[in-house]
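# Descriptive structure summary
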Amino acid sequence: MPSFTKKAIIESFVKMLNEKPLDKITIKDIVEDCGINRNTFYYHFEDIPSLIDEILRAETERVISEHGSFYAWEDAFIAAAQFALENKRAAYHLYNSISRETIERYFNRIAKDVMSRFVESLSADIPAKEEDKELIADFYKAALVGMALDWMNTGMKQDPEEFIIRLGALFEGNIREALERSAYSAN
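Report on the accompanying structure. Treat the numbers as computed from the prediction; the structure is a model and nothing was measured.

### Remarks on the overall build of the protein
- Helix and strand counts for the protein stand at 10 helices and 0 strands.
- Taken along the three principal axes of its C-alpha coordinates, the protein extends 65 × 35 × 25 Å.
- Counting only contacts in the protein whose residues sit at least 6 apart along the sequence, the fraction spanning at least 24 positions is 72%.
- Accessible area for the protein stands at about 10500 Å²; split by element, carbon and sulfur atoms hold 53% of it.

Encoded structure:
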């Protein structure tokens, strides 16, 4: 749990990011909004990019801990998309700034962890090759991250929950079938 001051810095930054683009926010703005001095900011964060990384790292950990179970890959992606929707302008400002790679890392971390766990759980009774399991998880991670980034690029207009649930229904069973093909080809 972050300290009171660290939490205030984060909340102030997110509030500002919902109001204006990243390149218009300074450390001076943040510390004035929080009522702290610059040294206090630097005690908690090296700079604004490290603040952004901390916010998204904490959100990634939250999503994975709450939705990382093998039966809920869709829930994890819905939660990640909900965070972006709840902070739509902030996410849009980050996505359209020099910190776009931070958003990409956010989706990649969630996707990699969730899909790796999901594939591993499905393969519990299937003797699939380890390299095939990793390949399958990486393929679905790349597809899901690409779709998430396209969704952000088009203004996050489509309902992510509806889309992700539909995607899960369309691809139901495909991962298990790929694992079974791996096991069959190993023999």
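### Here's the deal with the packing of aromatic side chains
- In total, this model carries 6 aromatic pairs according to the counting rule given.
- Between W73 and F77, the aromatic rings sit 6.0 Å apart at their centres with planes inclined by 75°, giving edge-to-face as the arrangement. Of this pair, W73 and F77 both sit in helix 5 (residues 73–86), separated by 4 residues, roughly a single helical turn. As far as the burial class goes, W73 and F77 line up, both buried.

### Focus on the packing of helix 5 against helix 7 (residues 100–122)
- The N-to-C vectors of helix 5 and helix 7 enclose an angle of 170°; their axes lie 9 Å apart at closest approach. As summarised for this structure, helix 5 and helix 7 are arranged roughly antiparallel, according to the angle between their axes. Handedness of the helix 5/helix 7 crossing: right-handed. Two secondary-structure elements touch here, helix 5 through W73, A76, F77, A80 and F83 and helix 7 through Y106, F107, I110, A111, V114, M115 and F118.
- Grouping the constituent residues of the contact of helix 5 with helix 7 by class yields 12 nonpolar, no polar and no charged.

### With respect to the nonpolar core
- Among the nonpolar cores identified, the biggest contains 57 residues, and F13, I30, L51, W73 and F107 are the most heavily contacted of them.
- Look past the residues within four positions of I30 in its chain and what remains in contact with it is I9, S12, F13, M16, I25, F41, I48 and L51.

### Looking at helix 7
- The end-to-end C-alpha separation of helix 7 is 33 Å, in line with the 33 Å expected for 23 residues at 1.5 Å each.
- Of all the positions in helix 7, only T102, I103, Y106, F107, I110, A111, V114, M115, F118 and V119 are classed as buried.

### Observations regarding the packing of helix 1 (residues 4–17) against helix 2 (residues 27–34)
- Running from amino to carboxyl end, helix 1 crosses helix 2 at an angle of 120°, the nearest separation of the two axes being 9 Å. Judged by the angle between their axes, helix 1 and helix 2 are oblique. Seen from above, helix 1 lies across helix 2 with right-handed handedness. For the pair formed by helix 1 and helix 2, the contact residues are A8, I9, S12, F13, K15 and M16 on the first element and D29, I30, D33 and C34 on the second.
- Residues of the contact of helix 1 with helix 2, tallied by class, amount to 6 nonpolar, 1 polar and 3 charged.

### As for unusual backbone geometry
- Here the phi dihedral of M156 falls at roughly 55°; this positive angle occurs in a residue that is not glycine.
- The topology assignment puts M156 in the loop between helix 8 (130–153) and helix 9 (160–170).
- Residue class for M156 comes out buried when judged on its relative accessible area of 2%.

### Observations concerning the environment of K157
- Relative to the helices and strands, K157 is located in the loop between helix 8 and helix 9.
- For the pair K157 and L85, spaced 72 residues apart in sequence, the C-alpha separation works out to 9.5 Å.

Rules and cut-offs
- Along each chain, residue indices are assigned from 1 in the same order as the chain's sequence is written.
- In view of the model being predicted, local features appear only for residues whose pLDDT reaches at least 70, and side-chain atom pairs are presented and counted only at 80 or more, with totals across whole chains, interfaces and linings using the full set of residues.
- In computing side-chain properties, one takes all heavy atoms of the structure into account and sets aside hydrogens as well as water.
- Strands here are runs of E lasting at least two residues and helices are runs of H or I lasting at least four, both read from the DSSP assignment and numbered beginning at the N terminus.
- Throughout, a contact is declared for two residues whenever any of their heavy atoms are within 4.5 Å.
- Where accessible areas are quoted, they stem from the Shrake-Rupley method and a 1.4 Å probe; at the residue level, only the protein chains shown are allowed to cover.
- What counts as a ring pair is set by centres within 6.5 Å for rings of Phe, Tyr and Trp (its six-membered ring), and what kind of pair is set by the plane angle: stacked under 30 degrees, edge-to-face over 60, tilted for all other angles.
- Using a 1.4 Å probe on the protein chains alone, a residue whose accessible area is under 20% of its type maximum counts as buried, one over 50% counts as exposed, and one in between counts as partly exposed.
- Lines fitted to C-alpha atoms define the axes here, with helix axes fitted over just the stretch in contact, and angles between the N-to-C directions of these axes take values from 0 to 180 degrees.
- In this scheme, roughly parallel covers angles under 35 degrees and roughly antiparallel covers those over 145, while 65 to 115 is roughly perpendicular and the rest are oblique.
- For any helix crossing, the convention is left-handed if the near helix is rotated counterclockwise from the far helix by under a right angle, and right-handed if that rotation is clockwise.
- Polar here means any residue outside two lists: the nonpolar Ala, Val, Leu, Ile, Met, Phe, Trp, Tyr, Cys and Pro, and the charged Asp, Glu, Lys and Arg; Gly therefore counts as polar.
- Nonpolar cores are built from buried Ala, Val, Leu, Ile, Met, Phe, Trp, Tyr and Cys residues. Side-chain atoms within 4.5 Å join them into one set.
- A helix is expected to span 1.5 Å multiplied by its residue count minus one.

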